[in-house]
Amino acid sequence: MINIAIDGPSGAGKSTIAKMVAKTLGITYLDTGAMYRAVALHVVNCGKNPSEEEDVKSLLSEINISYIKESDENKICLNGIDVSQDIRRHEISKYASEVSKIPAVRIFLVDMQRKIADTSDVVLDGRDITSYVLPNAKYKFYLTANDTERAKRRFEELKAKGQDVSYEQILADVKDRDFNDMNRDFAPLKKTEDSYEIDSTEMSLQQVVDTILSKIKEIDENDNARVNEKKLNNQVAKQAKDKKKQRGRWFYKGIANFVRKVLKVLWITKIYFKENFPKNSKALVICNHYSALDPCVIMSRIMGKDGKVLMKNEITANSFVDKVSKELGCIPVKRGEADVGAVKNIIGALNNNQPVLIFPEGTRNRQNSKEFLPFKQGVATFAIKAKAPIVPMIYYKKTVIFGRNKLMVGTPFYLDEFYDKKMSEVKESATQFIIDKMKELREEMDILVEKCGGSKKRYLKYKENQSKESSANVGDSSEE
Ligand code: DC
């Protein structure tokens, strides 16, 4: 909201100026002095003394102030009746100054003023706007003029309205009201340090308006410059931080590369049908899980530097391990809850044409059995969402260091028959589909090791004979 606060002594020209500024900017003008005048008018209309705090307080609950817009003017209504003229009577000025000393009156009116300023772009003028009503307003002005000039203006104004007043009386009243307004206990008139002071004694109305408008422009420009400078500083700080981070990354990258090399050497694993792994493509790699070494072999021997692997975040709780494992392509995942960040990372990596390794059993098979543990449904979700091929892999047995480990890479498959369906309805059947594929691969792995002695050549021959046999069987049965 635009809030322009103007304070100053009576007769400084605040209301005329504020009205002109509001009109130029196309926003509302709120004359807060008129509100005090309306309260004073109600008090005298009720035959009470405006200086008697208790009397005035008791009347507040029956006062309702509202506005009606008439052509360009905001008319002030007291309990539904337009009192815009009445409140300008000379004696009401004095009474308004009296009621304005009463804290309960100020609290009552300030509350209304703040609500209006909160909900609309507004120029407010008064005595305590910059210091008390809106101390945080962006644009604050203190408008003044010497007292003889102010008395002269007021005298001419009242005479033009046909009121019978003397200049000396007006000057005495102006001085009196200045004293009252500046010396009351509660929210007195004063110039705040952050208000821009304009002495209008020698200025025309338009000159004052122009001064205010150009100050507003200057404040905005300074503000923009500050915002831009802050943005620039943030940018520079971010760049420095990124650079530092990048420098730090070289260290962890180096360690990660070293780890990769060591892994390749230590875990001697015979990989069958590595050519089934699609290079430079998105892929969800799934594998049975016996040992903590399983991901190491697959990542270092098959998936390459672009590969990602899901890892429970307890492992990466240590900051050093976390940094190295990130360089190695680990995506930490919180177990036992929906980890939105991890899901985003997985889908993001797949969409970036990177392979992601997931152990669908969720945990290691500590019995080292050939039977799978129950599969989690995440793999199906990711494969469907990212339309990624699934690359099944099977370890024959638990991987051991310096052992003759064996790993078979199966033919990639898609879950395309589930793409157009509602995820919640197909998750289970898609997961079953994946389990069946893994079971098939497990059978092939067993044949390769147990029937063909771990020889790819013999396995291929075996498969060839098997297919010949089955086609011969088909032929036999068709002849019958
Ligand atoms: O600006 P004015 O002459 O119409 O104001 C009438 C009286 O109300 C004035 O004597 C001081 C008081 N007033 C105030 O105390 N606080 C304001 N924000 C506005 C006016």
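Shown above is the structure to which this text applies.
Quick caveat: nothing in here was measured; it's all calculated off a predicted structure. (Residues numbered from 1 in each chain as written. Predicted model: local features only at pLDDT ≥ 70, side-chain atom pairs only at ≥ 80, totals over all residues. Heavy atoms only, no water.)

Participant: Any chance you could explain the sheet that holds strand β10 (residues 283-287) here in plain terms?
Facilitator: Whether parallel or antiparallel, the strands of a sheet pair through hydrogen bonds between backbone atoms. Read across the sheet, seven strands follow the order β9-β15-β14-β10-β13-β11-β12 without closing on themselves; strand pairing throughout is mixed. Edge positions in the sheet fall to β9 (269-272) and β12 (330-333), since each of these pairs with one other strand and no more. Along the sheet, successive strands turn relative to each other by an average axial angle of 25°, direction set aside. Judged from the two bridges that link them, strand β11 (residues 308-312) and strand β13 (residues 355-358) form a sheet pairing that is parallel. (Pairing = 2+ DSSP bridges. Helix = DSSP H or I, 4+ residues; strand = E, 2+ residues; numbered from the N terminus. Axes fitted to C-alpha atoms, helices over the stretch in contact; angles between N-to-C directions.)

Participant: Looking at this model, I keep getting lost on helix α2 (residues 32-45). Mind explaining?
Facilitator: Turn by turn, an α-helix covers 3.6 residues, leaving residues three or four places apart pointing in a common direction. Between its first and last C-alpha, α2 extends 20 Å over 14 residues, near the 20 Å set by a 1.5 Å rise per residue. Across the 14 residues that make up α2, a large majority, eleven, are buried. Listed in full, the buried residues belonging to α2 are T32, A34, M35, Y36, R37, A38, V39, A40, L41, H42 and V43. For α2, the side-chain oxygen to backbone nitrogen distance between the N-cap and G33 is 3.1 Å, and the N-cap itself is D31. Remark: G47 follows α2 within two positions and exhibits a positive phi of approximately 75°. (Expected span 1.5 Å × (residues − 1). Buried < 20%, exposed > 50% of the residue type's maximum accessible area, 1.4 Å probe, protein only. Polar contact = N/O pair within 3.5 Å; in protein donor to acceptor, adjacent residues only side chain to side chain.)

Participant: Hey, could you run me through helix α10 (residues 294-303) in this one?
Facilitator: Among the ten residues that make up α10, eight are buried, leaving the element largely enclosed by the rest of the structure. Taken together, the buried positions of α10 are D294, P295, V297, I298, M299, S300, I302 and M303. Taken from the residues just after α10, G304 is the one with a positive phi, measuring 80°.

Participant: When you look at the site of the ligand in this model, what are you seeing that I'm missing?
Facilitator: Surrounding the ligand, one finds 17 residues, the nearest of these being R37, R106, D128, R177 and R184. At 3.3 Å, a side-chain N or O of D181 approaches an oxygen atom of the ligand. Side-chain polar atom of R184 to an oxygen atom of the ligand: 2.9 Å apart, as the coordinates give it. Sorting the residues of the shell around the ligand by element identifies α2, α4 (90-99) and α8 (167-183) as the ones contributing at least two each. The leading source of residues in the shell around the ligand is α2, at four residues. When the residues that make up the shell around the ligand are grouped by side-chain class, the tally is three nonpolar, five polar and nine charged. (Near = heavy atom within 4 Å. Nonpolar A, V, L, I, M, F, W, Y, C, P; charged D, E, K, R; others polar.)

Participant: Sorry, what's going on with unusual backbone geometry here?
Facilitator: Residues other than glycine predominantly adopt negative phi, and peptide bonds predominantly adopt the trans conformation. Unusually for a residue other than glycine, A187 sits at a positive phi of about 45°. Here A187 is to be found in the loop between α8 and β8 (196-199). Owing to a relative accessible area of 13%, A187 belongs among the buried residues under this scheme.

Participant: In this structure, what is going on with the environment of P9? I would like to understand it.
Facilitator: Mapped onto the elements of the fold, P9 is located in the loop between β1 (3-7) and α1 (14-25). Taking relative accessible area as the criterion, P9 reaches 2% and is therefore assigned buried.

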